[in-house]
Amino acid sequence: MRAEEICTHYGEDPARFHGAVNTPIFQTSLFVDCEGNEGGLEGRYAYTRVSNPTTEVVEQKVAALEQGEAAKCFSSGMGAISAAMMHYIKEDSHVVATASIYGPARRFLSEYMKRFGIKVTFVSGTDPEELEAAVCEQTDLIYLESPSTYLFLVQDLERIAEIAKKHHAATVIDNTYATPIFQKPLTMGIDMVVHSASKYLGGHSDIIGGVVAGRREDVEQMAQNERELFGAVMSPFDSWLMLRGIRTLPVRMPQHMKNALEMAAYFQELDIVKEVIYPCWNTHPQYELAKRQMTGASGLMSVVFDLPGEQIHRIVEALEFFYRGPSWGGYESLASPVGADLERDNETMKKGLVRLHIGLEGADLLKEDFERAVKHVLGRGVSLG
Ligand SMILES: *Cc1c(COP(=O)(O)O)cnc(C)c1O
């Protein structure tokens, strides 16, 4: 099934809801026993922490987009990520994770889980042999994020899935960056996909949400344990907003990519730019691998500036259409000077790095904005061409 069909018609049934073309928001905590209470787990709905008709429609769509058997929504990306991790680990487990994952996911593994005796080894993720060398007898989980936060490092998913199977470890990947429009890790042998739906799946910067997708047995067991017991369930209203967002996902993602490619080409030509980091840009060190396992890249990129941190801050502050802020995935372009104050590069960040979300404003407007901000701060143009 094509993504367009999944995002529009799949899972929808107007006949169930008096012909409503939009699945209604079932804003109810409780479902009582009566004739017509059909669906949900066990053939009926009972309680929204367990299942809800609005949420189930989104879950069906995400499962189909990821080519998984089932999906479950959570109240945040971290709700989904922590539940997925807890699902696969037990007392004394060891976890191998890539170093440049989303900060709170890293902190959950390296600091929070320490109190339960969980051990974790971080690897770059760019070298499968280095990753395999970190796996030991107690390794129950290999946690990936490809492309990774800030540096967009890419992991060879098929190869790592093979390594994991050999050592009887589960694989979980954060697929928030690429979305299932551009990358389908379950088809490459990865066991479970997690997303922050607060980004592209929601797509309008108006919800905090998360989702996991995978094999039915895994996902349902996880819903009954980690979701029901920790309780980080998505609200019906957020599910409805996510459903509204997902309808345009296959339209938005290629547009973000088109704009991002134009901006990458533009930044590449500036004398103040040291490096453009974008997985589908030919200067990316893993460009070939990225092209092999992804059909595109999103609107998120990093640009490393060859300027003092103070000037980087001033340029970012002078931008008008790039708002200053973290997060991403909505219509709006964003700039986040996360590496401006760094003394030297490290495994998760580069000196002078600004993370940019290229939104839907169109590249011409954004280039003009950038030219104006740079001229304002440096008093000169910066184009090499
Ligand atoms: C934002 C983000 C998360 C966390 O999602 P929340 O919805 O904020 O909890 C996880 N992974 C990545 C890659 C993210 O960008």
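On a predicted model such as this, the values are computed, not experimentally measured, just so you know.

## Here we look at the pairing of strand 5 (residues 170-174)
Among the five residues of strand 5, five are classified as buried, and the element is accordingly described as predominantly covered. The two faces of strand 5 match: Ala170, Val172 and Asp174 on one face and Thr171 and Ile173 on the other face are all buried. Inspection of the sheet shows strand 4 (residues 139-145) paired to strand 5 by five bridges, in the parallel sense. Across the sheet, residue Tyr143 finds its bridge partner in strand 5, namely Val172. For strand 5 and strand 6 (residues 192-196), the ladder comprises three bridges, and the chain directions are parallel. What sits directly across from Val172, in strand 6, is Met192.

## A word on the domain arrangement of the protein
A common way to state how big an interface is: give the accessible area lost once the parts meet. Domain annotation of the protein identifies domain 1 (3-247) and domain 2 (250-378). For domain 1 versus domain 2, the distance between C-alpha centres works out to 27 Å. At the junction of the two partners, domain 1 supplies 37 residues and domain 2 supplies 38 residues. Here domain 1 and domain 2 share an interface that buries about 2900 Å² over both sides, 61% of which is from carbon and sulfur atoms. On the domain 1 side of the interface with domain 2, the three residues burying the most area are Tyr150, Phe182 and Tyr200, jointly 30% of the side's total. Our count for the contact surface shared by domain 1 and domain 2 stands at two salt bridges.

## A few points about a nonpolar patch on the surface
A contiguous nonpolar patch, built from Leu30, Val32 and Tyr47 and spanning about 300 Å² of accessible area, is present on the exposed surface. On the secondary structure map, Tyr47 appears in the loop between helix 1 (3-8) and helix 2 (53-65). Judged by its relative accessible area of 40%, Tyr47 is partly exposed.

## Details of the nonpolar core
Within the largest apolar cluster, 94 residues are counted, with the highest numbers of intra-cluster contacts made by Met242, Phe267, Tyr278 and Met301. Top element by residues in this core is helix 10 (residues 249-268). It accounts for eight residues. When residues of this core are sorted by domain, at least three fall in each of domain 1 (3-247) and domain 2 (250-378). Those residues in contact with Tyr278 that sit more than four places away from it in its chain are Tyr177, Met257, Ala260, Leu261, His284, Ala297, Ser298, Leu300 and Met301. Core analysis: the second largest hydrophobic core is formed by 26 residues, Ala105, Ala170, Val172 and Met192 among them.

Calculation notes
- Residues numbered from 1 in each chain as written.
- Predicted model: local features only at pLDDT ≥ 70, side-chain atom pairs only at ≥ 80, totals over all residues.
- Heavy atoms only, no water.
- Buried < 20%, exposed > 50% of the residue type's maximum accessible area, 1.4 Å probe, protein only.
- Helix = DSSP H or I, 4+ residues; strand = E, 2+ residues; numbered from the N terminus.
- Pairing = 2+ DSSP bridges.
- Domains from an automatic or database assignment.
- Contact = heavy atoms within 4.5 Å.
- Buried area = accessible area lost by both parts, 1.4 Å probe.
- Salt bridge = Lys/Arg side-chain N within 4 Å of Asp/Glu carboxyl O.
- Patch = residues over 30% accessible without salt bridge, like charges linked within 9 Å, V, L, I, M, F, W, Y side chains within 5 Å.
- Areas by Shrake-Rupley, 256 points an atom, 1.4 Å probe, with all protein chains shown as cover.
- Core = buried A, V, L, I, M, F, W, Y, C linked by side-chain atoms within 4.5 Å.

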